[in-house]
Every structure is written in C-alpha cells, then in structure tokens.
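Summary of structural features
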Amino acid sequence: MTDPFVNAFREAAPYIHYLRGKTLVVGIASHLLDSGSLNALSADFHLLAALGIRLVLVHGCDTQIARFCPQNQRNHAIYPQRRIIDDNALQFAKHFCGAIQFDFQAALSLGVARSPQRPPRLRLIHGNFLSAKPLGVHGGVDMQWAGQVRKVDAAAIEDALAMQAIVLISPIAASLGGQSHVLSMPEVAAELAIALQAEKLVFLTQENGIRHANGQLLANLTAQETHHLLSEKHFSISEQAILTSALHALQQGISRVQILSGSQNGGLLRELFTRHGAGTSIAQDSFMNVRPAHERDIADIITLIKPLEERGILLPRSPEYLAAHIHEFFALEHDRQIYGCVAMKTFSDSPNDAELACLVVSPDARDGGFGELLLEKVLQHARQMGKQRLFALSTHTADWFLERGFQAASAADLPAQRLAEYQSNGRQSKIFILNLNT
Ligand code: ARG
C-alpha cells in the first residue's frame, strides 16, 4: 500500500506538467464574494501561480445588484439572463467592483510573509482590458447600462501575464461612447478565454457542478449533452448563463470548461489535479477516444499491462517487443492519459484472420464499458482490412468473450503460425472466435 499523499502527488504530476505556462480563465460567481470564500480561493490561486499557471480572474456582481438595487429586474422576454441596469445600479456596481478589487488584493497578500519558504509576492493587475457595447432597446425595453463585450485587448492581458501577474477583471467596461456598462460574468469569462486561446475556462459557483434534473452530479459532459440538458430547463438563471457561455467557448475552440463549487476548500485543486475532478467538466466531444498507439505510449502501456503479466493473465511483452509492434496497438485515451489498450495481430499465413490481444482497461476506469470501446475499435479495423475471423485467446475472461458473441473454438482453428506459438508457450489458453461476416 502506498501512502495516499504519495499517490495523490503522483496523480497530480502529469497535470502540473501540462498546465505549466498555460492560461486559465476563472469566472468567479458573485455569490462567492459574499461568503468569505475569497481567502481560501486566494490560497489556491497562489499555488496555481507558483506552478506557472497564467491566471485571469473574472468576478460577477449580479447577486449584489439584485440585493441592493432590486428595482433592476431581468428582461425576461429578450434577455432572460440579464438585468436592466439603471443609473443607480451602475453606480452601485462601480462601488462594489472597486471594493472587490481591494478585497482580492488583500486576500492575495494573506500569509505571504509568514514563512521563510514564502511564495513570491503576487502581482495583481487590473485595467481597461475590455471594451463594451450597450445591449440596447429590445421589445420596447431599454436595457440601459447593461452591456456586452465588444472587444478584448488580448495583447495587453498577455503583457500583464508575461510579468507573472494575475489579471483581475471586473464586469464593467466602457463603450466607445465613453459610458460604463455592466457586463455578464459568464460572457466576459468566455470571451476572455476565446481571445486568449486559454487552455481551460473554469467557473467557480455556489453549486458543486452541473446536476441532472434528478439531482445527480454530472462529472463529464459533451457539448451536445449540455445543449440537451439546457433544453430541459431545470437550471437557475445563473447556471443557464454559465452553461450558455460554456457552450459558446467550446464552440470557439476552448477544449475544456470546468464548473465546480468555489466554496469547497481546495475544490479547484481537486478539479485540476486529480483524474476525477470535483465538479463538472464539459468538452466539445466525448472524453474517451480510442486511437492508434504511438511510440510515446509505450511506457503507459507497460504500466497498464505489467500487473496482469505478473499475475500470469497476460503474456509478458518486453519494451523491445512493444516498440517493434506498437503499430498493432490502439490506446484508449482520456484527458491525455492512457486508460486502456488492445492489439490486433495479423498472420501472413492466414490473411483472413486477425487476433485480438492484450485487451486491458486500467482499474481506475473499470465499469465504464471501455473494454467494449476497445473491442469495437478492433472489430471496425478488422472489417476494414477485410478480415473474416477474429480470434481471442484468454486464460481468465472466457465469459466476457462469450457474452460478446465469440464462440469457443479449438487449437485446430488457429492459423499455423499462431498454433506453433500456442503449443510452445504451454499456457493452455481458451480459444474464442468471432465470425466477422455475420
Ligand atoms: N484534472 C483533470 C483536468 O483538469 C480532469 C478533471 C476531470 N473533472 C471532472 N469534473 N470530470 O482536466
């Protein structure tokens, strides 16, 4: 048994490596600004910055406007997610955003001077990185000082990030007419992520993530599933705004949007540095992808198959063997990590036959039907190559193959080449065969 700390640190290592130097846009929901979450969050921002992650933070102010300027209702017909902003609300928003900027500064300085190994002092930069345009008059309703993003000054933000600063952006920006407008946090966060070509867009909210109508937390979603969920209309207005912006960002090329609670201590670290995360992760396409294996996958494949070789379930395969045969392998990839593999072997003495071999799914990814995905890939590949029969040899998993339409067969059915190997290794594996023509 390895120490849980050691395990967790090893699990985090590839993510630390991958996120170094990458830009992360973090949208902080306005609810969190009331709840004293800022200090805990700032400690995590410090850590992310120390790992070389370039942070752009955006906060909201919708909850506070709703509380202090209740006359500013939403325009339900045209912009259900937006409030009308009158003079009074604009004035309030300016005060609030100014104060929050100082609260961020204070929270980020917390604890900095405490220890000799203290992290370097963090620079926090805010400025006129956005320009706005008015939402205008719609359906006879004037949205007044409610605006939308006109342009992001990505170059200026890049400059600030290059100074190793955290960039903090408030949801107020000026229009070309020289007027301030209140913007929507999710929209600003998405536009920033798009303009900066950020690696990820993260939303910190009050909820743990996105839930199904039945209350179940959804850990992984595709854009299409998210569209579908939105149409079920069980979300709050702030969730709808976040999901709409998330979809927009994905469509514009952001590869991952992650939504999680900003009030759970360390949730952001768990989301970024563990495989399972803490909240909901949305990607344009499905997470699991079976693709041809490359040489760079060999170390991962060895890690996958080693425990099974040691238990005698799989034939031992040396790194040299794998290097020479890697073109026969497919890898099951999730989030740049390999969770499974399979090989398809062919025989020069029996061109109509192929063998499915070395089918492995990592213990971390069992029960997800990933064995099926790998089998499916081999079937597809075998058919494309015009194979008629697919063999599988197994000492331990007879039922799995029988349940998937394979028939028990005998050594006499094997191609001559394979038969010689079968007889010499003495494993007495069971032989299964699937007819690909039916
Ligand atoms: N830590 C990984 C990442 O940041 C995986 C997170 C998975 N999160 C989830 N909610 N399923 O990309």
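Here is a short report on the structure shown in this document. (Residues numbered from 1 in each chain as written. Predicted model: local features only at pLDDT ≥ 70, side-chain atom pairs only at ≥ 80, totals over all residues. Heavy atoms only, no water.)

1. Here we look at the site of the ligand
In the vicinity of the ligand lie 17 residues, with Lys-200, Glu-271, Leu-272, Thr-274 and Gly-279 positioned nearest. Thr-274 is positioned with one of its backbone polar atoms (N or O) 2.6 Å from a nitrogen atom of the ligand. One of the backbone nitrogen or oxygen atoms of Ser-281 is found 3.5 Å away from a nitrogen atom of the ligand. Contact with the protein chains covers 99% of the free accessible surface of the ligand, which is 350 Å². Broken down by secondary-structure element, the contributors of at least two residues to the shell around the ligand are strand E15 (256-261), helix H10 (267-273) and strand E16 (280-283). A breakdown of the residues in the shell around the ligand according to their chemical character gives four nonpolar, eight polar and five charged. (Near = heavy atom within 4 Å. Polar contact = N/O pair within 3.5 Å; in protein donor to acceptor, adjacent residues only side chain to side chain. Areas by Shrake-Rupley, 256 points an atom, 1.4 Å probe, with all protein chains shown as cover. Helix = DSSP H or I, 4+ residues; strand = E, 2+ residues; numbered from the N terminus. Nonpolar A, V, L, I, M, F, W, Y, C, P; charged D, E, K, R; others polar.)

2. A word on the nonpolar core
Residues Ile-28, Phe-45 and Leu-204 are the most contacted members of the largest nonpolar core, which totals 46 residues. Per element, the largest residue contribution to this core is 10 residues, and it comes from helix H5 (residues 87-109). With residues up to four places along the chain from it excluded, the contact list for Phe-45 reads Val-26, Ile-28, Leu-55, Leu-57, Phe-104, Leu-108, Ile-166, Leu-204 and Leu-268. (Core = buried A, V, L, I, M, F, W, Y, C linked by side-chain atoms within 4.5 Å. Buried < 20%, exposed > 50% of the residue type's maximum accessible area, 1.4 Å probe, protein only. Contact = heavy atoms within 4.5 Å.)

3. Describing the packing of helix H7 (residues 185-196) against helix H9 (residues 237-251)
Their axes nearest at 8 Å, the elements H7 and H9 cross at an angle of 15°. In terms of their interaxial angle, H7 and H9 are classed as roughly parallel. Seen along the crossing, H7 lies across H9 with a hand that is right-handed. When H7 is examined against H9, the residues Pro-186, Glu-187, Ala-190, Glu-191 and Ile-194 are found in contact with a partner set consisting of Ala-241, Ile-242, Ser-245, His-248 and Ala-249. When the residues that make up the contact of H7 with H9 are grouped by side-chain class, the tally is six nonpolar, two polar and two charged. (Axes fitted to C-alpha atoms, helices over the stretch in contact; angles between N-to-C directions. Parallel < 35°, antiparallel > 145°, perpendicular 65-115°, else oblique. Left-handed = near helix turned anticlockwise from the far one by under 90°.)

4. Some thoughts on the environment of Arg-275
You can see Arg-275 is positioned in the loop between H10 and E16. Spatially, the C-alpha atom of Arg-275 lies 42 Å from that of Pro-415, the residues being 140 residues apart in sequence. Every residue in contact with Arg-275, bar those within four places of it in the chain, is listed here: Glu-11, Tyr-15, Gln-337, Tyr-339 and Asp-364. Here Tyr-339 takes part through its side chain, which lies 3.5 Å from a polar atom of the side chain of Arg-275.

5. Observations regarding helix H13 (residues 370-384)
Taking 1.5 Å of rise per residue, the 15 residues of H13 would be expected to cover 21 Å, and the 21 Å separating its terminal C-alpha atoms lies within 8% of that figure. Within H13 the residues assigned to the buried category are Phe-370, Gly-371, Leu-374, Leu-375, Val-378, Leu-379 and Ala-382. (Expected span 1.5 Å × (residues − 1).)

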